[in-house]
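Residues per chain, in single letters:
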Amino acid sequence: MLMKPFSLNLNFKTGDLLPHDRTNIRRLSDMKGMFYDSKSEQQILEKENPIIYSFSEKILPEENGHLQLATTRILPGKIGNEYYMTKGHYHKRPDTSEVYLGLEGEGWLLIQTEKGEFESIQIRPGTIAYIPPYWGHRMVNTGSVPFVFFAVYPGDAGHNYGDIERTGFVKILVEREGKPVLIDNPRWKKE
Ligand code: M6P
Ligand code: ZN
């Protein structure tokens, strides 16, 4: 069936995508074990369950040829000294790519292959990052305001969280003397 063309409105400051079909909210309890300081995580969860990030999607067919559109808003904050971040994922169809466009705030894109090759890219408003096929990706908010970005990826890419939930990323972003620093993730293990 032939789909009709359409347009959306994207608010560059807030990331609001209108109209969108679904907003997903990820709280700390949805990311259990993903921040390295499990003691801080536990202490925070005893008192509250903060929102770490939310993302709004326009639902489009999960088919080759289509594209998926989403905006994500990561709140400012840390668990222990590790900055708020997305869970991060590989694609279920690993030979698919993705584009991120920074809109508001600042942060870093962490990207890695299954074998442990690692890269990071600083994202500011206007930065376009291209994530080639086979690279897992996570965004991290290192600023003091919400970090907002727009994402486009193939319709049938899908999400694979399994590997990242098990071992995390090769490196993690922590605050040291008021500055973001990449350090080795003690839990990262090569397959
Ligand atoms: C971006 C895109 C989405 C992703 C979302 C949240 O909008 O990459 O595909 O779902 O960020 O990231 P994650 O799925 O890793 O929690
Ligand atoms: Zn992706």
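Data block above holds the structure.
All of the points below concern the structure found in this document. (Residues numbered from 1 in each chain as written. Chains lettered and ligands numbered in written order. Predicted model: local features only at pLDDT ≥ 70, side-chain atom pairs only at ≥ 80, totals over all residues. Heavy atoms only, no water.)

### Some points on helix H1 (residues 38-47)
Logical step 1: Within the sequence span of H1, burial applies to Ser40, Glu41 and Ile44. Buried residues along H1 cover an arc of 100 degrees about the axis, so they all sit on one side. Facing away from the buried surface of H1 by more than 90 degrees, the exposed residues are Lys39 and Glu46. (Buried < 20%, exposed > 50% of the residue type's maximum accessible area, 1.4 Å probe, protein only. Helix = DSSP H or I, 4+ residues; strand = E, 2+ residues; numbered from the N terminus. Arc of directions from axis to C-beta.)

### Thoughts on the coordination of the zinc ion (ligand 2)
Logical step 1: Protein coordination at the zinc ion (ligand 2) comes from His89 (NE2), His91 (NE2), Glu98 (OE) and His137 (NE2), with a distance range of 2.0 to 2.1 Å.
Logical step 2: Seen from the zinc ion (ligand 2), its 4 donor atoms lie at angles of 87 to 153 degrees, and the figure they make is irregular. (Donors = N, O, S within 2.8 Å, 3.2 Å for Na, K, Ca; no water. Tetrahedral: all angles 85-135°; square planar, octahedral: opposite > 155°, others 65-115°.)

### Thoughts on the environment of Glu62
Logical step 1: Position of Glu62 relative to the elements: it lies in the loop between strand S4 (51-58) and strand S5 (67-74).
Logical step 2: Each C-alpha atom, one on Glu62 and one on Gly158, is 7.8 Å from the other, the two residues being 96 residues apart in sequence.
Logical step 3: Leaving out residues up to four positions away in the same chain, Glu62 has contacts with Gln68, Gly155 and Asp156. (Contact = heavy atoms within 4.5 Å.)

### Brief notes about the pattern of salt bridges
Logical step 1: Within this structure, the stated rule accounts for 9 salt bridges.
Logical step 2: Taking the shortest distance from any N to any O, the salt bridge between Asp95 and Arg93 comes out at 2.9 Å.
Logical step 3: Given a relative accessible area of 37%, Asp95 falls into the partly exposed group.
Logical step 4: Taking relative accessible area as the criterion, Arg93 reaches 31% and is therefore assigned partly exposed.
Logical step 5: We note a salt bridge from Lys171 to Asp184, for which the minimum N-O separation is 2.8 Å. With Lys171 in strand S14 (residues 171-176) and Asp184 in strand S15 (residues 179-184), the pair connects residues that are 13 residues apart, well separated along the chain.
Logical step 6: Using a relative accessible area of 25% as the deciding quantity, one classes Lys171 as partly exposed.
Logical step 7: Salt bridges linked by common partners bring Arg93, Asp95 and Asp156 together as one network. (Salt bridge = Lys/Arg side-chain N within 4 Å of Asp/Glu carboxyl O.)

Bear in mind that shape data such as this cannot, by itself, settle questions of function.
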